[in-house]
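Coordinate analysis (summary)
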Amino acid sequence: MESTEGKQYIESMTKAAEPTFWGYLGCELTEIKEDEIIVTLQPEPHHLNLMGIVHGGVLSSLMDNAMGIAVMVRRPGESSVTSNLNVHFVKPAKNGPLTVTAKIVHETGRSLTTESRIVDRDQELVALGTGSFRITK
C-alpha cells in the first residue's frame, strides 16, 4: 500500500472488525500489496462440516472478506457492499493454513469486480471466486 494514511485506515478497519464475523471466523490480514490482498485462516474444528472438511460457507466468507478488503484499499473512506459472489469449490480443504489472495480486476464508477483464490498449505487450489461490489457512498 502506498501511503501511511492508507495503512492506518486499513489497520483501524481491521481492529474495528475484530468483534464482528471477521474476528469470529479467525481471519488474519496478512499482507496488503498495491494490487493484491492476502488473508489467512488456520481452520479450527468449528470451521469444519460433518465430513471433516472446511465448510463451503467458511471458504465463501473468506473470499468475500478478502475481496471486500481489496475494494476498501482501492476506495478508502467509501462504503461498499457485495452485490454478487460466485464461488467454485475445486478441492476439499482439510488442513491449513488457508491462504486467500484477492485483487480488483475491473472498476467503473461505483462498481468494482474482484477475483480471489484460496490455496492450502501445499499451495493447491481449494476454491476460486469472483465478486462484484457496489460503492454505496
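We now turn to the structure provided with this report. All values derive from a computational prediction rather than experimental measurement.

Turning our eyes to something else, we now look at the nonpolar core. A general trend in soluble globular proteins is that nonpolar side chains are found buried together. Formed by 29 residues in total, the largest nonpolar core has its most connected members in Val39, Leu59, Leu62, Leu98, Val100 and Ile118. Where this core is concerned, the elements lending two or more residues are helix H2 (21–25), strand S2 (37–41), helix H3 (56–74), strand S4 (98–108), strand S5 (111–119) and strand S6 (125–135). In terms of residue count, H3 provides more of this core than any other element does, 10 residues in total. Every residue in contact with Leu59, bar those within four places of it in the chain, is listed here: Val54, Phe89, Ala93, Leu98, Ile118 and Val126.

Applying the stated criterion across every chain yields a total of 1 aromatic pair. Relative to Tyr24, the ring of Phe21 lies with its centre 6.4 Å away and its plane at 25°, an arrangement referred to as stacked. Here Phe21 pairs with Tyr24, and both are found in helix H2, just 3 residues apart, close to one helical turn. Among the residues examined, Tyr24 registers a relative accessible area of 58% and is labelled exposed.

A separate point is the sheet that holds S4. Taken together, 6 strands build an open sheet; the order of strands is S1-S2-S4-S5-S6-S3 and the sheet is antiparallel. Only two strands of the sheet have a single partner each, and these edge strands are strand S1 (28–32) and strand S3 (80–89). Along the sheet, successive strands turn relative to each other by an average axial angle of 25°, direction set aside. Against the sheet, H3 touches S1, S2, S3, S4, S5 and S6, its axis set at about 50° to S4.

Procedures and definitions
Residues numbered from 1 in each chain as written. Predicted model: local features only at pLDDT ≥ 70, side-chain atom pairs only at ≥ 80, totals over all residues. Heavy atoms only, no water. Core = buried A, V, L, I, M, F, W, Y, C linked by side-chain atoms within 4.5 Å. Buried < 20%, exposed > 50% of the residue type's maximum accessible area, 1.4 Å probe, protein only. Helix = DSSP H or I, 4+ residues; strand = E, 2+ residues; numbered from the N terminus. Contact = heavy atoms within 4.5 Å. Phe/Tyr/Trp six-rings, centres within 6.5 Å; stacked < 30°, edge-to-face > 60°. Pairing = 2+ DSSP bridges. Axes fitted to C-alpha atoms, helices over the stretch in contact; angles between N-to-C directions.

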